[in-house]
Amino acid sequence: MNPLALTIFLLSLAIGTTITLSSFHWLLAWIGLEINTLAIIPLMTKTPHPRAIEAATKYFLTQAAASALILFSSLINAWQTGEWNINSLTDLPMNALSIAIMMKLGLAPLHFWMPEVLQGISLPTGLILSTWQKIAPMTLLLQTSHLLNLNLTIALGLTSILIGGWGGISQTQIRKVMAFSSIGHLGWIVVILKFNPLLSLFNFMLYIIMTTAMFTALIAMSTTKMSQISTSWSKTPALSASTMLVMLSLAGLPPLTGFAPKLLITLELVKQNATLLASMVMLISLLALFFYLRLTYIITLTLPPNTPNSLLIWRTPSKSLPPTAIMNILALTLLPLA
């Protein structure tokens, strides 16, 4: 892609998110979300492959539907209250708005676009879609968290954790696994959103760090399938070992970074007398733990049959090492440091 065009698209992504973050008016928030959507579509189709075009089309249609619902519900709210302020919402528009924003985020049961779109695009664009594109809708949810319907958020959160674990088990494509992982993590964030928005924000920040670490490692190893990951140990042992630890961090095992949000969310739910909900959330997330453990098993404990017995050559592309190293350190050591 032309560097000038790439710069324009990346700047548009930044501007779209900034507009949504700094807006108090639903129309401005909607404009920011639209700029975001339109800026990432050319990045999705920069490799002119039918699969990429299909992914971009699916993404555009779902995001357009969600944006239309946001505009429609904020219009009804303005009609009822005479205000476009983000925080002055009545019940019906608030429910419709939260469903539309959760559709933009890819929460279950509005998640069907997410694995398909992520599978059809390149890893760097997948990284943007899994992290940066979630910031603007998540900010809108955090801003309106005190107005959210508790039953709706808990139902969607539990469904997302369940589908995030269930869907990832049967996958052999790592991008699809990462899509279901994203759905599961967003489920954890939304379950606690009404009780403690600050904890949701903390969880979201750690999710972005861990997902970025995982994607940068995959980009450095240039792997998209489990069969490729199983042969990565003989090529790049250091990177494979750190990727394995990042996967365990995403699974939420102590003493890695990913354990902190799970522990704090469970404690908060118990404090709020939602012990049954906390135990359900933990039990359902065992499904996700299973496929992360399977991935770590494949990456570290399986070797291709033709591995030479001589000393391994540590071939890692030096260009991608600094960002990968930084993100891996953050994804693994934030909890011990804290």
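Thresholds applied
- Residues numbered from 1 in each chain as written.
- Predicted model: local features only at pLDDT ≥ 70, side-chain atom pairs only at ≥ 80, totals over all residues.
- Heavy atoms only, no water.
- Helix = DSSP H or I, 4+ residues; strand = E, 2+ residues; numbered from the N terminus.
- Rg over C-alpha atoms; globule rule 2.2 N^0.38 Å.
- Buried < 20%, exposed > 50% of the residue type's maximum accessible area, 1.4 Å probe, protein only.
- Lys, Arg positive; Asp, Glu negative; His and termini not counted.
- Charge placed at Lys NZ, Arg CZ, Asp CG, Glu CD.
- Polar contact = N/O pair within 3.5 Å; in protein donor to acceptor, adjacent residues only side chain to side chain.
- Contact = heavy atoms within 4.5 Å.
- Salt bridge = Lys/Arg side-chain N within 4 Å of Asp/Glu carboxyl O.
- UniProt positions renumbered as here; feature names shortened; annotations may be inferred.

Peer 1: Can you lay out the overall build of the protein chain for me, pointing to particular residues and giving the numbers?
Peer 2: Per the secondary structure count, the protein chain includes 15 helices and 0 strands. Since a compact globule built from 338 residues should have a radius of gyration of about 20 Å, the 20 Å found for the protein chain is in line with a globular shape. With the principal axes as the frame, the protein chain shows a C-alpha extent of 75 × 55 × 35 Å. Out of the 338 residues belonging to the protein chain, those deemed buried represent 54%. Distance between charge centres in the protein chain, computed from 15 positive and 6 negative side chains, equals 20 Å.

Peer 1: So what about helix α6 (residues 123-130)? Which residues, and what values?
Peer 2: Buried residues dominate α6, accounting for 7 of its 8 residues. Of the positions making up α6, those classed as buried are Leu-123, Thr-125, Gly-126, Leu-127, Ile-128, Leu-129 and Ser-130.

Peer 1: Explain the side chain of Thr-257 residue by residue, including any values.
Peer 2: You can see Thr-257 is positioned in the loop between α12 (237-251) and α13 (259-271). At 3.1 Å, the side chain of Thr-257 forms a polar contact with the backbone oxygen of Ala-331. Engagement of the side chain of Thr-257 in a polar contact is seen with the backbone nitrogen of Leu-332, the distance being 3.4 Å. When residues no more than four places from it in sequence are discounted, the contact partners of Thr-257 are Leu-206, Ser-249, Leu-330, Ala-331, Leu-332, Thr-333, Leu-334 and Leu-335.

Peer 1: Describe the pattern of salt bridges, listing the residues and the values that go with them.
Peer 2: Across all of its chains, the model carries 5 salt bridges by this definition. A salt bridge links Arg-51 to Glu-54; the shortest N-O distance between them is 3.8 Å. Taken as a pair, Arg-51 and Glu-54 lie in helix α3 (residues 50-81) at a separation of 3 residues, close to a single helical turn. Under the relative-accessibility criterion, Arg-51 is labelled partly exposed at 24%. Using a relative accessible area of 33% as the deciding quantity, one classes Glu-54 as partly exposed. Linking Glu-116 and Lys-58 is a salt bridge whose minimum nitrogen-to-oxygen distance equals 3.5 Å.

Peer 1: Residues and numbers for the UniProt feature "domain: NADH:quinone oxidoreductase/Mrp antiporter transmembrane" (unreviewed entry) in the protein chain, please.
Peer 2: In this numbering, the UniProt entry assigns the feature "domain: NADH:quinone oxidoreductase/Mrp antiporter transmembrane" (unreviewed entry) to residues 25-285. Across residues 25-285, the secondary structure splits into 77% helix and 0% strand, with the terminal C-alpha atoms separated by 37 Å.

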